[in-house]
Amino acid sequence: MRNLLPILTVLVALMLIWQLAVAPMNIRGALDIAERGGAEIVPEGSVDRRSVSVWRLMAQNSDHVSMGYDLDRPRLPTPTQVGQELWKTTGAMAIKGRAWSKRSLIYHSWITLQSTLWGFFLGTSLGIIGAVAIVYSRTAQLSLMPWAIISQTIPIVALAPMIIVVSSQVGVEGRGLPKAIISAYLCFFPVLVSMVKGLRAPEISQLDLLKTYDASGLQSFLKLRLPASLPFLFTSLKVGIAAALVGTIVGELPTGAISGLGARILIGDQFGTPLAIWSALFAAAILAGLLVTLLDLVQRVALRHTGAPT
Amino acid sequence: MIALLQALVFWIAAWGLNIWLSNSKWSATWPVRIAVPVIFGITLLVLWEGVVRGLGVSPVILPPPSLVAQTFAASTETLWIDFLQTVVKGALRGFMIGAVAAIICAIVIDRSAFLTRGLLPIGNFFAALPIVGVAPIMVNWFGFDWQSKAAVVVVMVFFPILVNTVQGLRSSDALQRDLVRTYAATYWQTLIKLRLPAAMPFVFNGLKIAATLALIGAIVAEYFGSPTRGMGFRISTGVGSLSIDLVWAEIAVAAMVGTGVYGLMAWIERRVTFWHPYHRE
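So, how was this worked out
- Residues numbered from 1 in each chain as written.
- Chains lettered and ligands numbered in written order.
- Predicted model: local features only at pLDDT ≥ 70, side-chain atom pairs only at ≥ 80, totals over all residues.
- Heavy atoms only, no water.
- Helix = DSSP H or I, 4+ residues; strand = E, 2+ residues; numbered from the N terminus.
- Rg over C-alpha atoms; globule rule 2.2 N^0.38 Å.
- Contact = heavy atoms within 4.5 Å.
- Areas by Shrake-Rupley, 256 points an atom, 1.4 Å probe, with all protein chains shown as cover.
- Phe/Tyr/Trp six-rings, centres within 6.5 Å; stacked < 30°, edge-to-face > 60°.
- Lys NZ or Arg CZ within 6 Å of the ring centre and 35° of its normal.
- Salt bridge = Lys/Arg side-chain N within 4 Å of Asp/Glu carboxyl O.
- Buried < 20%, exposed > 50% of the residue type's maximum accessible area, 1.4 Å probe, protein only.
- Buried area = accessible area lost by both parts, 1.4 Å probe.
- Polar contact = N/O pair within 3.5 Å; in protein donor to acceptor, adjacent residues only side chain to side chain.
- Nonpolar A, V, L, I, M, F, W, Y, C, P; charged D, E, K, R; others polar.
- Domains from an automatic or database assignment.
- Axes fitted to C-alpha atoms, helices over the stretch in contact; angles between N-to-C directions.
- Parallel < 35°, antiparallel > 145°, perpendicular 65-115°, else oblique.

Caption draft 1: Local environment of the overall build of chain A. Check the secondary structure of chain A and you find 13 helices and 0 strands. For chain A, whose C-alpha radius of gyration is 26 Å, the value lies well above the compact-globule estimate of 19 Å for 310 residues. Dimensions of chain A, computed from the C-alpha atoms along their principal axes, are close to 90 × 55 × 45 Å. The long-range fraction of contacts in chain A, counting pairs at least 24 apart against all pairs at least 6 apart in sequence, stands at 71%. Element-wise, carbon and sulfur atoms account for 66% of the exposed surface of chain A, whose accessible area totals about 15,900 Å².

In structure tokens:
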């Protein structure tokens, strides 16, 4: 909690910078609208204004600077505008009982969350299975590990449209599965690496002790290696869920999806409504924060339960 | 069907070879360490080829690797233009700007314990966000050409590098700092001779993460508008016009660039952090 004050200070500073940046970012748009409304603008015509710097425009037309804070389609919306838009598309709609309307961000977050969780589940399972294979088989270690590293250097977005084309041709309905595959692709690597470390965490002497008990391979896996890897697993799960969310949104962005937070960003871009883009971005950030916090809580409970040092 | 069977036979043979190689007495030598993953990769390609040919999958859906290789060889000129536009102009410039800005910011932040405590959690949070979503906003602000791609890349690589560098700057231990103090070293001397070198493993960790992100950012930003060249442009139009083999060739380029950059980073890291115990064999 001693970090609370510094964090709040930094947040307030960021907000302040954002609020101040709105004026120069929006001055051109504000002046265009003011001029159309019949106001006197110093260099007349938006084409002539293009060669004048925003600072001079602000100094010469200081009466109209405040208009930049209240535009319908701002280049940079104010924090208040984003907050209002976010509330309008989540809380306000939920109160009216329309939380599952197609215009509500709750609905779109839910679509994104579903794919994220499927991808997370798939990626985590693959990561754990891969890690067990790597720890127990030298062949798997030699052949899988380099490719796991190489797979992460391939920009998945290049593959995203292809995964969707192939899966729709194979006969998979909807976009849930391809998005989940992309999330799983991003999610499995951190889990794999941490679990290999975790399963190898027990010391030789501990493994030897189990050998003196005549423990079978399965027993020493269940009673020693698996519990020893728990702290590693949870740390990687937190990285993995964030990566899975990134994967889902990347899967929604370039592929013409119509529902999901990534699709809201895409649609906001096509219809020229920056507020929709910004509110979807913030919804994604809030979702990421919630998921990571949730896993953090689970981690604390689980680790306290197993008595592992936190 | 025969092609599929051949591929399956090849798969089993290669698998057997790999098991034999990795359990043989040479399994720790470097030729085997390279051969085993290479055989694994070739097996995947052969399986892909076999499945596509054996089941008669249309090349419009999934072209066989041989066709992709032909397309690659036939359209090297296009691929080169796209490479210049996306990687050299967009990703590389953005990466440079972002990395330099992040390292300078980290050094500035590091002077104040208050700022470090406030910015580190926020930076960690930002590093986990789907920042790639800012792509349409950046294209709106900076236009269609490489400037908007570089801007997306700057935002994406900034936080991972910042967080890692701040952590790295704090990684030199108290004993080392005390020693430098007894030499009456100034802040800058301590920074340059002790803390920056000690931070290098962390910095390179961040740079390696950022290198992949840079490619992703540059490609995604092109989906939202670009001049009529660039890897992202070619991929999105290729999917639309069913020239899927060209798309796979672009993916191959992206994979090679990604792996190459990662390898280069790892190589530089070994040169810079030669003193680190990790590299002692």
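Now that the structure has been shown, we can carry on.
Caption draft 2: Local environment of the packing of aromatic side chains. What the rule picks out here adds up to 12 aromatic pairs over all chains. Aromatic pair Tyr136(A) and Phe221(A): ring centres 6.1 Å apart, planes at 65 degrees, arrangement edge-to-face. Placement of Tyr136(A) in helix 6 (residues 105–136) and of Phe221(A) in helix 11 (residues 217–252) is noted, with a sequence separation of 85 residues between them. Taken together, the ring pairs in this structure connect Phe125(B), Phe126(B), Phe158(B) and Phe159(B) into an aromatic cluster. For the cation-ring pair, Arg225(A) lies above Tyr136(A), with the distance from its terminal atom to the ring centre recorded as 5.5 Å. Against the face of Trp146(B) rests Arg93(B), its NZ or CZ located 4.2 Å from the ring centre.

Caption draft 3: The arrangement of the pattern of salt bridges in detail. Under the definition given, this model contains 8 salt bridges over all chains. In this structure, Lys88(A) and Glu85(A) form a salt bridge, with 3.6 Å as the shortest nitrogen-oxygen distance. Within this pair, Lys88(A) and its partner Glu85(A) are both found in helix 4 (residues 79–89), separated by 3 residues, close to a single helical turn. Looking at Glu85(A), the relative accessible area reads 14%, which means it is buried. Taking the shortest distance from any N to any O, the salt bridge between Asp110(B) and Arg195(B) comes out at 2.4 Å. With Asp110(B) in helix 4 (residues 76–110) and Arg195(B) in helix 9 (residues 187–223), the pair connects residues that are 85 residues apart, well separated along the chain. We classify Arg195(B) as buried; its relative accessible area is 12%.

Caption draft 4: Seen up close, the interface of chain A and chain B. Taken together, the contacts link 51 residues of chain A with 50 residues of chain B. Across the chain A to chain B interface the summed buried area is about 4,400 Å²; carbon plus sulfur atoms make up 80%. It is Leu142(A), Thr153(A) and Met162(A) that lose the most area in chain A upon contact with chain B, and together they represent 13% of the buried surface on that side. Seen at the junction of chain A and chain B, the total is 2 residue pairs in polar contact (both at pLDDT 80 or more). Those elements that provide at least two residues to the side of chain A that touches chain B are helix 1 (4–36), helix 7 (138–153), helix 8 (156–170), helix 11, helix 12 (261–270) and helix 13 (274–306) of chain A. In terms of residue count, helix 7 of chain A provides more of the side of chain A that touches chain B than any other element does, 11 residues in total. Taken together, the residues that form the side of chain A that touches chain B break down as 39 nonpolar, 8 polar and 4 charged.

Caption draft 5: Structural detail: the domain arrangement of chain A. Residues and elements named next belong to chain A. On domain assignment, one finds that chain A holds domain 1 (4–76) and domain 2 (105–306). Taking only C-alpha atoms, the centre of domain 1 and the centre of domain 2 are 42 Å apart. If you look at the interface, domain 1 gives 6 residues, while domain 2 gives 7 residues. For the pair domain 1 and domain 2, the two sides together bury roughly 440 Å², of which 69% comes from carbon and sulfur. It is Trp18, Arg73 and Pro74 that lose the most area in domain 1 upon contact with domain 2, and together they represent 70% of the buried surface on that side. The interface formed by domain 1 and domain 2 holds 0 salt bridges in total.

Caption draft 6: Representation of helix 12 of chain A within the structure. When you tally the buried positions in helix 12 of chain A, you get 7 out of 10 residues, the bulk of the element. Residues Leu261(A), Gly262(A), Ala263(A), Arg264(A), Ile265(A), Leu266(A) and Gly268(A) constitute the buried set of helix 12 of chain A. The secondary structure elements touched by the buried residues of helix 12 of chain A are helix 6, helix 11 and helix 13 of chain A together with helix 6 (135–142) of chain B. One or two residues past the end of helix 12 of chain A sits Gly272(A), with phi positive at roughly 65 degrees.

Caption draft 7: Looking closely at the packing of helix 6 of chain A against helix 7 of chain A. Residues and elements named next belong to chain A. In contact at an axis separation of 5 Å, helix 6 and helix 7 are set at 125 degrees when each is read in the N-to-C sense. Judged by the angle between their axes, helix 6 and helix 7 are oblique. Between helix 6, through Ala133, Ile134 and Tyr136, and helix 7, the contact on the second element is made entirely by Arg138, Ala140, Gln141, Leu144 and Met145. Residues belonging to the contact of helix 6 with helix 7 are distributed by class as follows: 6 nonpolar, 1 polar and 1 charged.

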